[in-house]
Amino acid sequence: MSLYPLVTTDWLDANRSRADVRIVDIRGHVIPASMPKPHYFSHRADYEAAHIPGAVFVDWVRDITVNGAENSRLASPEAFAAQMGALGIGEDTLVVAYDDASGMFAARLWWALQYYGHDRVVVLDGGWQKWTAEGRPVTAEVPQVTPVTFTARPRPPLFRDADQVQARDAASAHLIDVRSPAEFEGRESRAVRAGHIPGAVNLPRADLITPEGTTPDADSLRAMFAAAGVTGEDGGEVVFYCNGGVSASYGLLAYRVAGFEGGAVYDGSWKDWGNDPARPIA
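Residues numbered from 1 in each chain as written. Predicted model: local features only at pLDDT ≥ 70, side-chain atom pairs only at ≥ 80, totals over all residues. Heavy atoms only, no water.

Engineer: Account for the overall build of the chain, with residues named and values stated.
Structural biologist: Along the chain, the regular secondary structure elements total ten helices and twelve strands. Relative to the globule expectation of 19 Å for 282 residues, the C-alpha radius of gyration of the chain, 18 Å, shows essentially globular dimensions. Across its three principal directions, the C-alpha atoms of the chain cover 50 × 40 × 35 Å. A buried classification covers 55% of the 282 residues belonging to the chain. (Helix = DSSP H or I, 4+ residues; strand = E, 2+ residues; numbered from the N terminus. Rg over C-alpha atoms; globule rule 2.2 N^0.38 Å. Buried < 20%, exposed > 50% of the residue type's maximum accessible area, 1.4 Å probe, protein only.)

What follows is the structure, given as structure tokens:
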């Protein structure tokens, strides 16, 4: 069983000096699909200027992806393990991830670590903005890290590819598209084709965030999922997708905060599906 996905700023401030805690800064941003590429950016310069004391940095565009640049699909077990080990993340490490994007990139690392067998990972609710708004300590000092061994043990139930999504039981499976309504409806697209996967329901990630940039409470989230047809009563699988698996990871995090178990991410998401002419679209 995984830990509760979120921790508060109070908790992190009180526990950030623990020997088993590794804070990871994974700040970045994405620009709209309608704008010219590149669309994906990390905030390494912001980290170098100021970060939560003790935090190391992960470039979400390059460090945990297959090829970097505009490909956000998850890195191989070997590459991911090497990156985590270099950051001092071992079997007993409690990883606390934060970003400046209302949890989107932190959730990606949360899902990636769990997929590769590491349950001791949480997301800082409210992230960098909440931390600094509360006047908590920051530093430009980069911590010295002793590399350790991270062993990647993939967990297939957390991961879906295009074939698995297409072969799902449409009568019982729930496919949740967390992209914007414009993307879901085919008015914008990061792929050659526009639209959505047949049978998917749109639950935009923006709806799964409070105006303050935190994650809504469990009751609010359960109501949102129920409106999308997900109540947990039918036993059907729940799979999240977006454009490249990043926002989808946040969808899964919100699903867990709501109190549900299980769930998976279609890692290739719309950029995989929409660029494959053999896949049906709606």
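Right, picking up where we left off after that structure.
Engineer: So, the sheet that holds strand β5 (residues 56–57): which residues are in play, and what are the values?
Structural biologist: The five strands lie next to each other as β1-β7-β6-β2-β5, forming an open sheet whose pairing is parallel. Edge strands, defined here as strands with exactly one partner in the open sheet, are β1 (6–7) and β5. Direction of pairing for strand β6 (residues 94–98) relative to strand β7 (residues 121–124): parallel, over a ladder of three bridges. Within β7, the residue paired with V95 across the bridge is V121. The strands touched by helix α4 (residues 104–115) are β2 (21–25), β6 and β7; relative to β7, the strand with the most contacts, the crossing angle is about 175°. (Pairing = 2+ DSSP bridges. Contact = heavy atoms within 4.5 Å. Axes fitted to C-alpha atoms, helices over the stretch in contact; angles between N-to-C directions.)

Engineer: Summarise unusual backbone geometry; cite the residues concerned and give the values.
Structural biologist: With an omega of 5°, the peptide bond running from K37 to P38 counts as cis. With a phi angle near 55°, S102 is a residue other than glycine that sits in the positive phi range. You can see S102 is positioned in the loop between β6 and α4. In this structure, S269 is a non-glycine residue whose phi angle is positive, near 50°. Mapping S269 onto the fold places it in helix α10 (residues 269–273).

Engineer: Residues and numbers for the packing of α4 against helix α9 (residues 246–257), please.
Structural biologist: α9 packs onto α4 with a crossing angle of 80° between their chain directions and a minimal axis gap of 7 Å. Our classification of the angle between α4 and α9 gives roughly perpendicular. Between α4 and α9, the contacting residues are M104, F105, A107, R108, W110, W111 and Q114 on the first element and V246, S247, S249, Y250, L252, L253 and R256 on the second. Considered class by class, the residues forming the contact of α4 with α9 number nine nonpolar, three polar and two charged. (Parallel < 35°, antiparallel > 145°, perpendicular 65-115°, else oblique. Nonpolar A, V, L, I, M, F, W, Y, C, P; charged D, E, K, R; others polar.)

Engineer: Go over the packing of aromatic side chains, please, and point to the residues and values.
Structural biologist: Counted by the stated rule, this structure contains 17 aromatic pairs. Between F225 and Y255 the ring centres are 5.6 Å apart and the planes differ by 80°, which places this aromatic pair in the edge-to-face class. You can see F225 sitting in helix α8 (residues 218–227) and its partner Y255 sitting in helix α9, a full 30 residues away along the chain. For F225, a relative accessible area of 0% puts it in the buried group. Aromatic side chains F225 and F260 sit 6.0 Å apart centroid to centroid with 90° between the ring planes, which places their arrangement in the edge-to-face category. Of this pair, F225 sits in helix α8 while F260 is found in the loop between α9 and β12 (264–266), placing the two residues 35 residues apart along the sequence. (Phe/Tyr/Trp six-rings, centres within 6.5 Å; stacked < 30°, edge-to-face > 60°.)

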